[in-house]
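What follows is each chain in one-letter form.
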Amino acid sequence: MTLQAHPPLRRIFARFFPRKYVLAQTEHAPVSDALSDEEKKETALRLTAQAELALMQGNLAALSLFESAVRLDPMNPSIWLRQGLAFFEYGSEESKEKALLLANKYFKHATRLDPTLFEAWVGWGNTLLQLGRFHEESHFHLEAKEKYQRAIALSSNQQASVLYELYWDYGTACAEMAGHSGEALDQALAIEAFGKAIALELKPAPELLNQLAEAYLDMGLLVNDEIHFFNATRLIERSVQNEPRYIDGWMTLAEVHAQLYLNTLDEKHIAKASQGYSEAVKLAPKDPEGWLAWAQILAESGRINEDPRMLHQSVEKCARASMLGDPNNPEIVAQWVESLSHLGVFTHRLDLLNEAQVKVEQATEEHPDDPDLWHAHGICLGALAKYYEEPDLYEQAIDKMQTGLSYDRTSAEHWHSLALLHAEYAHLTDSLDLWQRANRFFTKAIELKPACPPLIFDAAHAHFMFSEAASDLPALEQSIYLFETLLSQYRSVVLHHPEWLYGYASALDWLGEYTGEERHVLRAIELFSHVLLIEPDFAGIHHKMGRSYVQLGHLTNEPEFYRRGIGSFRLALRNNEENDGALLDWGICLIDL
């Protein structure tokens, strides 16, 4: 059986390189057929070597040489393999997609001739991986993964250095596939492959360590398991220790700690994230990406802790990113507007809110389909509504936020912000309908991002507020469930967030009043005491405890609880002499006693 390789090759060359192929044909005379089989094989190898050299020099006369080599020895898989490798190198270095498509066909032909040709499967996988990067299409990555699996099955006799590269490439294909599929299985395959590669090398490349760290980070985000984040930090710390000038390593290290902060609210991760971003911007001071990422995590910490210092730093980083990059970049403008808005609210500075409004109005006109800008616009108008206590501004803010969600309904952050706007609006207007809508939006946000302590706390608080306003027991039970979830999953950082305990205690106190069961009130008082141990000056807590003691007195008819209530009211008035509510409750307590 003879292989008719020449006509198909001619069609391939004419398709991908029509003009240059014609030129190459005219420059090289056809090889004489008056040769023995052995001479044909030797000549084919010599022509292949000449073609490889020509292609390295960018000379597409190599096409004719390759075609002549294949015509002389069409059944030699090595010839097809070398052509595939040559065009893969040429296409990868020059970013020439046509050369990669040609390499793809060569590797396919080589594996048909010899299905056990390890190098051909590896080269084919590499080519598909590169094509996938050009097109961002998942089928290329899926095919690359399959080719690498075939290579791995044939790799028993390969050296460790070869296997190191193979598993690295295989892991990359799986990671790319996971980015398209969103499946934890693909991410797990990437982690396994990268791990095998690292085990084969005494000092693995920092890029490989970084890729494994990123895979662990993505897995942690998929399955909401912090152990993956800690695995990522261990790897990336090793990476930057081996190569202190590795910018991507510092950026990944900062990103992992930023995500750990968002998942735990442990402030130590803010410090470590800032250190990572600081090192990255030292190494690349003119890259706006590092400055923007740093601004984003500082803004989140400043918003959660109502810390103007953090927000001011975030504004500075946004300004630096804007100066170094595109001033109209929607991502930079959106973060800048949000940071200015929160800072304006916490410092009561109208000039900052006005500055944010001017920026976001200009940006949304230029980029009307960017959901992050509409989200920032909603944040800005919500801040103005809070400053003026103006219902119309809340309506406008909600409208902007919903416009952003019409472009992207998968963002938990946007649903969270929309819920907060409704909760603030409901608090201003005492609207039960707004409280109910806020709770629906909080539920949607939690479905999209279940491991987010600020979100869980805000949702628990909103359900509690609605249950008080509407005397709604199911809402109260949902609030208590959310508080218990928060406290059980994030026990290690409760000391930094006494407001969680206070909210839980308030919900239990209301449950005790609703059901008439004193055990709930006793538990609430116990939790209020824990809050005082963490933060002795916690605002309003003595007044709240006094009311709980009075309620317990009603339930048990024990005078001692009224006396304890009087002590709490006395402390409340000592901390705030103008607390008329505490004074009134103190008087009622005396009457009851």
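Scroll up a little and you will see the structure.
Predicted model only: the values in this text are computed from it and were never measured.

Caption draft 1: Structural context of the overall build of the chain. Tallying secondary structure elements over the chain gives 29 helices and 0 strands in all. Whereas a compact globule of 593 residues would reach a radius of gyration of roughly 25 Å, the chain reaches 33 Å, over 25% beyond that. Principal-axis analysis of the C-alpha atoms gives the chain an extent of 120 × 50 × 40 Å. Here the chain holds 593 residues, and the buried ones make up 51% of them. Taking as baseline every contact in the chain between residues at least 6 positions apart, the subset at least 24 positions apart corresponds to 58%.

Caption draft 2: The arrangement of the packing of aromatic side chains in detail. Counted by the stated rule, this structure contains 14 aromatic pairs. Centroid distance W80 to Y106: 6.0 Å. Interplanar angle 55 degrees. Geometry classified as tilted. Of this pair, W80 sits in helix α5 (residues 77-94) while Y106 sits in helix α6 (residues 97-113), placing them 26 residues apart in sequence. For the pair formed by W80 and Y106, the shared burial category is buried. With centroids separated by 5.5 Å and ring planes inclined at 55 degrees, the aromatic side chains of Y502 and F528 adopt a geometry described as tilted.

Caption draft 3: Inspection of helix α20 (residues 391-407) at higher detail. Taking 1.5 Å of rise per residue, 17 residues should cover 24 Å, and α20 covers 25 Å from first to last C-alpha, within 8% of that figure. For α20, the complete set of buried residues consists of L393, Y394, A397, I398, M401, G404 and L405. Along the axis of α20, the buried residues cluster in a sector spanning 135 degrees; they form a single face. Its buried side turned inward, α20 meets α19 (371-388) and α21 (412-429). The N-capping residue of α20, defined by a side-chain oxygen 3.2 Å from the backbone nitrogen of D392, is E390.

Caption draft 4: Spotlight on the pattern of salt bridges. Inspection of the entire model under this criterion finds 11 salt bridges. For R309, the salt bridge goes to D307, with nearest N and O atoms at 3.7 Å. Between R523 and E526 there is a salt bridge, with the nearest N and O atoms lying 3.3 Å from each other. Of this pair, R523 and E526 both sit in helix α26 (residues 518-534), separated by 3 residues, roughly a single helical turn. By relative accessible area, E526 is classed as partly exposed at 38%.

Caption draft 5: A look at the side chain of H543. Turning to its location among the elements, H543 is positioned in helix α27 (residues 541-556). A distance of 2.7 Å separates polar atoms of two side chains, one belonging to H543 and the other to D585. When sequence neighbours within four positions are dropped, the list of residues in contact with H543 reads F569, A572, N579, G581, A582 and D585.

Caption draft 6: Quick look at the nonpolar core. Judged by nonpolar contacts, the single largest core of 178 residues is most densely connected at F87, Y277, I297 and W500. The residues touching Y277, leaving out its near neighbours within four places in the chain, are M251, A254, E255, A258, G290, A293, W294 and I297. Formed by 9 residues, the second largest nonpolar core is a distinct cluster that contains F569, L573, W586 and C589.

Caption draft 7: Representation of the environment of I480. As for its position among the elements, I480 is in helix α24 (residues 473-489). C-alpha of I480 to C-alpha of Y504: the two residues are 24 residues apart in sequence and 6.5 Å apart in space. Among all residues touching I480, those that are not within four sequence positions of it are Y504, A507, L508 and L511.

Caption draft 8: Just helix α11 (residues 206-223), in detail. For α11, spanning 18 residues, the distance from its first C-alpha to its last is 26 Å, which sits close to the expected 26 Å at 1.5 Å a residue. For α11, every residue scored as buried is listed here: P206, L208, L209, N210, L212, A213, A215, Y216, L217, M219 and G220. If you follow the buried residues of α11, they end up packed against α9 (160-181), α10 (184-199), α12 (226-242) and α13 (247-264). Two residues or fewer past α11, N224 is found with a positive phi of approximately 55 degrees.

Caption draft 9: Region of interest: the state of the cysteines. For the structure shown, the criterion picks out 0 disulfides. Left unpaired, C452 is separated from the closest cysteine sulfur, that of C318, by 20 Å. Residue classification places C452 among the buried positions, given a relative accessible area of 11%.

Caption draft 10: Structural view of unusual backbone geometry. Despite not being glycine, D430 has its phi angle at roughly 55 degrees, a positive value. Structurally, D430 can be placed in the loop between α21 and α22 (432-448).

Caption draft 11: Just the packing of helix α8 (residues 138-153) against α9, in detail. At their nearest, the axes of α8 and α9 sit 9 Å apart, and the two run at 150 degrees to each other. Of the possible angle classes, the one that applies to α8 and α9 is roughly antiparallel. For the crossing formed where α8 meets α9, the hand is left-handed. Here α8 contributes S138, H141, L142, A144, K145, Y148, Q149, A151 and I152 to the contact with α9, which in turn contributes L166, Y167, D169, Y170, A173, C174, E176, M177 and H180. Class assignment for the residues of the contact of α8 with α9 results in 11 nonpolar, 4 polar and 3 charged.

Caption draft 12: Seen up close, the side chain of Q551. Along the polypeptide, Q551 turns up in helix α27. According to the relative accessible area criterion, Q551 is buried, its value standing at 10%. The residues contacting Q551, other than those within four sequence positions of it, are D509, G512, E513 and V521.

Conventions and cut-offs
- Residues numbered from 1 in each chain as written.
- Predicted model: local features only at pLDDT ≥ 70, side-chain atom pairs only at ≥ 80, totals over all residues.
- Heavy atoms only, no water.
- Helix = DSSP H or I, 4+ residues; strand = E, 2+ residues; numbered from the N terminus.
- Rg over C-alpha atoms; globule rule 2.2 N^0.38 Å.
- Buried < 20%, exposed > 50% of the residue type's maximum accessible area, 1.4 Å probe, protein only.
- Contact = heavy atoms within 4.5 Å.
- Phe/Tyr/Trp six-rings, centres within 6.5 Å; stacked < 30°, edge-to-face > 60°.
- Expected span 1.5 Å × (residues − 1).
- Arc of directions from axis to C-beta.
- Polar contact = N/O pair within 3.5 Å; in protein donor to acceptor, adjacent residues only side chain to side chain.
- Salt bridge = Lys/Arg side-chain N within 4 Å of Asp/Glu carboxyl O.
- Core = buried A, V, L, I, M, F, W, Y, C linked by side-chain atoms within 4.5 Å.
- Disulfide = S-S within 2.5 Å.
- Axes fitted to C-alpha atoms, helices over the stretch in contact; angles between N-to-C directions.
- Parallel < 35°, antiparallel > 145°, perpendicular 65-115°, else oblique.
- Left-handed = near helix turned anticlockwise from the far one by under 90°.
- Nonpolar A, V, L, I, M, F, W, Y, C, P; charged D, E, K, R; others polar.

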